[in-house]
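The chain contents come next:
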Amino acid sequence: MASERCILTLFDNPDIRPEAVRYACGLAKRVNASIIMFLVLIFSEQSGQKPDDIRVQELRTLGEGLLSPFLEAAKREGIEVRGEVRVGEPASEMLKFLAEDHVLHSVVWGGDNSVLDTKRLRHEDHWLDRIKDKFGCPLVSPKGPDAQERKEGISIEPIA
Amino acid sequence: MRKNARLLIVDDDEVARKNLARILKRKGCRISSVASGAEAVAKLGRESFDLVLADLILEEGVSGLDVLEAAKKRCRDTEVIIITGYASVETAIGAMKKGAYHYLQKPFRAEEVRHLAAQALEKTRLRNQVRELEEEIRSGAQTHDIIGKSRKILSILDLIEQVAPTDANVIITGESGTGKELVASAIHRQSRRAGKHFLPINCASFTDELLANELFGHEKDAYTGATSSRAGLLESADGGTVFFYEVAEMPVPMQAKLLRVIQERELIRVGGNRHIPIDVRIIAATNKDLKKHVAQGLFREDLYYRLNVIHLHMPALAEHKEDIPLLASYLLEQILKQMDKPVKGFSDEAMKILKGYDYPGNVRELENIIERAAALCRTDVIDTDVLPDDLKGVAIYRYDTEKHGMKSMKEIEKEYIRWVLNQVGHNKSRAAKILGIDRASLYRKLKNYEIGD
């Protein structure tokens, strides 16, 4: 049996964009969906390094720490939310996740927002561009003035 | 203020008349002025105006209140602003009770006049807009609740009309919140089965056993606790339409049982062996790529073809944004039936924001936005202040994931290169020759497309 529909909020960078979380929370309330905050910490095997179990666990703990305040903020908004941290090659980790039993409502991209900027060619090299058709649901990227927010740390205003 | 609005100024004081005309003319209105109540009443008998500004106390016996009465008699939508001196404010308030929009106290300031006139004209505009939209909705909503006049929606309505009278099974695809159930319901309501049940079943909400029991019913002693026989939902919907939504999530064993219902037009209750004839039309819906599920062995191919006799695809709201004003007004009207609020419509700015957003949650999301806005609205117009912040000034990049099986040139090139490589046993020189490019170009493409050996 599949789970209820959810919004996948996707990050591939410790530099999490608060406006993506804020948008996902607003959307979740509007369409009555839960949220999965999915953070992939890139550890490329092409670099010749193989992450040992201890290093993977360290990275996972780091990721959980990064997600934690965002998860708490979403919970305070009354949204059903959980976090998932993966370490490895993002496209492959994403495909593994999609192979599980998830009913995705939409995907909110919370990584570098220039990745999906259609005016730039750079996005063509990004892993997200290679797998975006596999989602089977809308992929959106809220873009906002986030640099200052990131400098100042994490702050999520309530979403009415 | 609305351009080309028709205004009538009624004042026996020439200076006041000219002042008002000068203040309001700047806003591009078409202005007529008369010096007496009698002239105003005569003019109102011949022409219609959007707004009348009339002095309360006029010479020659016909007062501002008489002008108000004549204006409302001629056209109830005409707004009237009563101009009054300090001494007659009480009477002006009395005029408002008789239907005047507001009063303007002499001496007036230009900004005050413009502001009040703009508000009155906006009220007229909204009332006209609501009336037009109500009429549009009325003309198209007898057998369905699918709102829209865009080419995409009209072609869906046309297809529904063609498909409904047949008994063909239908698959409806489209993103969440696009109105797949409305389409299924419209097909049912326009079919010969309209007088019977329309039964929506969420395939994602049940386990295999529970779904089997609910759908097919059971015989006495079929399992522990089954103390009596019970008909299932399919039997209770006999003669009607069953709508399976999220059909891609239907457990595979259940798919086999459903196939039997479609092919043999009969069912067997859980724990029974009696073949019970059944006559139902099946409509299924999903937001998944069902063909992909078939390829992955998650959905039975024979059932897929049995269901996919007619395929209807609901467009995402972002693909028919021209329907947003009509949809928004319809949804507001529905919401206000449950809410005691005097909201009349949307400001132009609010509508601009609603039309500019991309709605990953489609019509369901629009409905929620309007419901929230109506609840928070403190005036009679929904303005930008009651819309969610993330709709404003936030760019949403959206990829159309539903390409109806069409591929981009790059995808085709990638697939073709892969195919050629397989054909020549991954010999790069031969592959480059066949592809008509040099080896360096081929290596570059292999790297870009991440095609490995």
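The structure presented is a predicted model; accordingly, all values stated were derived computationally and were not measured. (Residues numbered from 1 in each chain as written. Chains lettered and ligands numbered in written order. Predicted model: local features only at pLDDT ≥ 70, side-chain atom pairs only at ≥ 80, totals over all residues.)

## As for the overall build of chain A
To keep it simple, the criterion reads: Only DSSP runs of H or I covering at least 4 residues are called helices, and only runs of E covering at least 2 are called strands; the numbering of each starts at the N terminus. Think of it as a crowd count around each C-beta: if 20 or more other C-beta atoms lie within 10 Å the residue is buried, if 12 or fewer it is exposed, and in between it is partly exposed, with C-beta placed from the backbone throughout. Two residues qualify as a contact pair if the distance between their C-beta atoms, derived from the backbone, is within 7 Å.
In terms of helices and strands, chain A carries five helices and five strands. Taking all 160 residues of chain A together, 39% fall into the buried category. For chain A, long-range pairs separated by at least 24 residues make up 82% of all intrachain contacts whose partners lie at least 6 apart in sequence.

## A word on the pairing of strand β6 (residues 170–173) of chain B
Strand residues, when the strand is regular, have side chains that alternate between the two faces of the sheet. Residue and element names in this part refer to chain B. Rules: Two strands qualify as a pair provided that DSSP identifies no fewer than 2 bridges between them.
The alternating pattern of β6 places Val170 and Ile172 and Ile171 and Thr173 on opposite faces, both of which are buried. By the bridge criterion, four bridges tie β6 to strand β13 (residues 281–286) in an arrangement that is parallel. Along β13, the bridge assignment pairs isoleucine 171 with alanine 284. Sheet topology places β6 next to strand β14 (residues 310–313); four bridges connect them, and they run parallel.

## With respect to the packing of helix α13 (residues 324–336) of chain B against helix α15 (residues 362–376) of chain B
Residue and element names in this part refer to chain B. Heads up, the condition is: Axis definition: a line fit to C-alpha positions, over the contact stretch in the case of helices; interaxial angles, taken between N-to-C directions, run 0 to 180 degrees. An angle counts as roughly parallel when it lies under 35 degrees, as roughly antiparallel when it exceeds 145, as roughly perpendicular when it falls between 65 and 115, and as oblique in every other case. Should the near helix be turned anticlockwise from the far one by less than a right angle, the crossing is termed left-handed; should it be turned clockwise, right-handed. The nonpolar class holds Ala, Val, Leu, Ile, Met, Phe, Trp, Tyr, Cys and Pro. Asp, Glu, Lys and Arg form the charged class, and all remaining residues, Gly among them, are polar.
Viewed as axis vectors pointing N to C, α13 and α15 meet at an angle of 55 degrees, and their least axial separation amounts to 9 Å. Judged on the interaxial angle alone, α15 and α13 are oblique. Our pair here, α13 against α15, has a crossing hand that is right-handed. In this structure, α13 contributes Leu327, Ala328, Leu331, Leu332, Ile335 and Leu336 to the contact, and α15 contributes Val363, Leu366, Glu367, Ile370, Glu371 and Ala374. Within the contact of α13 with α15, the residues separate by chemical class into 10 nonpolar, no polar and two charged.

## Comments concerning helix α6 (residues 151–163) of chain B
At 3.6 residues per turn, the α-helix brings residues three or four places apart onto the same side. Residues and elements named next belong to chain B. The condition is simple: Multiplying one less than the number of residues by 1.5 Å gives the expected span of a helix. This arc corresponds to the set of directions leading from the helix axis out to the C-beta atoms.
Between its terminal C-alpha atoms α6 stretches 18 Å, which fits the 18 Å expected from 13 residues at 1.5 Å a residue. Every buried residue belonging to α6 is among Ile153, Ile156, Ile160 and Val163, and all of these are buried. Buried positions in α6, seen along its axis, are confined to an arc of 90 degrees and lie on one side of it. Exposed and facing more than 90 degrees away from the buried side of α6 are Arg151, Ser155, Asp158 and Gln162. Elements that come into contact with the buried residues of α6 comprise β6, α7 (180–189) and β14.

## So, unusual backbone geometry
All names here are of chain B. A cis amide bond links lysine 106 with the next residue in sequence, proline 107, at an omega value of -5 degrees. Although it is not a glycine, arginine 265 sits at a positive phi angle of roughly 55 degrees. Looking at the secondary structure, you find arginine 265 in the loop between α10 (252–264) and β11 (266–267). Not every positive phi belongs to a glycine, and histidine 426 is a case in point at roughly 65 degrees. Mapped onto the secondary structure, histidine 426 falls in the loop between α16 (409–423) and α17 (428–435). When the 13 C-beta atoms within 10 Å are taken as the criterion, histidine 426 is described as partly exposed.

## Here's the deal with the confidence of the model for chain B
All names here are of chain B. The line we're drawing: Scored from 0 to 100, pLDDT reflects the predictor's confidence in each residue.
The pLDDT averaged across chain B works out to 84; a share of 89% of its residues lies at or above 70. For the stretch residues 401–405, pLDDT sits under 50, and the model shows five contacts to residues farther than four places along the chain or on other chains. Interface confidence for the predicted complex, expressed as ipTM, amounts to 0.77; the pTM equals 0.63.

## Considering the environment of isoleucine 324 of chain B
All names here are of chain B. Turning to its location among the elements, isoleucine 324 is positioned in helix α13. Distance in space between the C-alpha atoms of isoleucine 324 and leucine 366 is 8.7 Å, their sequence separation being 42 residues. Residues in contact with isoleucine 324, not counting those within four places in the same chain, are Leu354 and Lys355.

## Topic: the sheet that holds strand β3 (residues 51–55) of chain B
Consider a sheet: its strands pair through backbone hydrogen bonds, and that pairing is either parallel or antiparallel. Residues and elements named next belong to chain B. With parallel pairing, the five strands of this open sheet are ordered in space as β2-β1-β3-β4-β5. In this open sheet, the two strands that pair with only one neighbour each are β2 (30–34) and β5 (102–105). Across this sheet, the average inter-strand angle for adjacent strands is 20 degrees, counted without regard to direction. Here five bridges tie strand β1 (residues 6–10) to β2, and the two strands are oriented parallel to one another. Paired with leucine 7 across the two strands is isoleucine 31, which belongs to β2.

## Looking at the nonpolar core
Generally speaking, nonpolar side chains in soluble globular proteins are found buried as a group. Worth spelling out the cut-off: Buried Ala, Val, Leu, Ile, Met, Phe, Trp, Tyr and Cys residues form a nonpolar core when they are connected through C-beta atoms within 7 Å. Domain delimitation follows an automatic or database domain assignment.
One finds Ile172, Val183, Ile187 and Phe244 of chain B to be the most contacted residues of the largest nonpolar core, which totals 66 residues. Lining this core are residues from two domains, each supplying at least three of them: domain 2 (151–313) and domain 3 (317–391) of chain B. Among all residues touching phenylalanine 244 of chain B, those that are not within four sequence positions of it are Ile201, Cys203, Met250, Ile282 and Ala284 of chain B. Leu41, Ala74, Val108 and Val115 of chain A belong to the second largest nonpolar core, which has 40 residues in total.

## Here's the deal with the sheet that holds β14 of chain B
All names here are of chain B. An order of β7-β10-β13-β6-β14 is seen for the five strands of this open sheet, with the pairing classed as parallel. Pairing within the sheet leaves two strands with one partner each, and these edge strands are β7 (198–202) and β14. Neighbour to neighbour, the strand axes of the sheet diverge by 20 degrees on average, direction disregarded. Its contacts with the sheet put α7 on β6, β7, β10 (241–245), β13 and β14, and the angle it makes with β10 is roughly 170 degrees.

## Observations concerning the pairing of β10 of chain B
All names here are of chain B. Of all five residues in β10, five are buried; the element is thus mostly enclosed. Residue alternation in β10 divides its side chains into two sets, Thr241, Phe243 and Tyr245 and Val242 and Phe244, and both sets are buried. Where β7 lies against β10, five bridges are found, and the strand directions are parallel. Across the sheet, residue asparagine 202 finds its bridge partner in β10, namely tyrosine 245. Note: β10 against β13, five bridges, orientation parallel. Bridging across to β13, phenylalanine 244 finds its partner in alanine 284.

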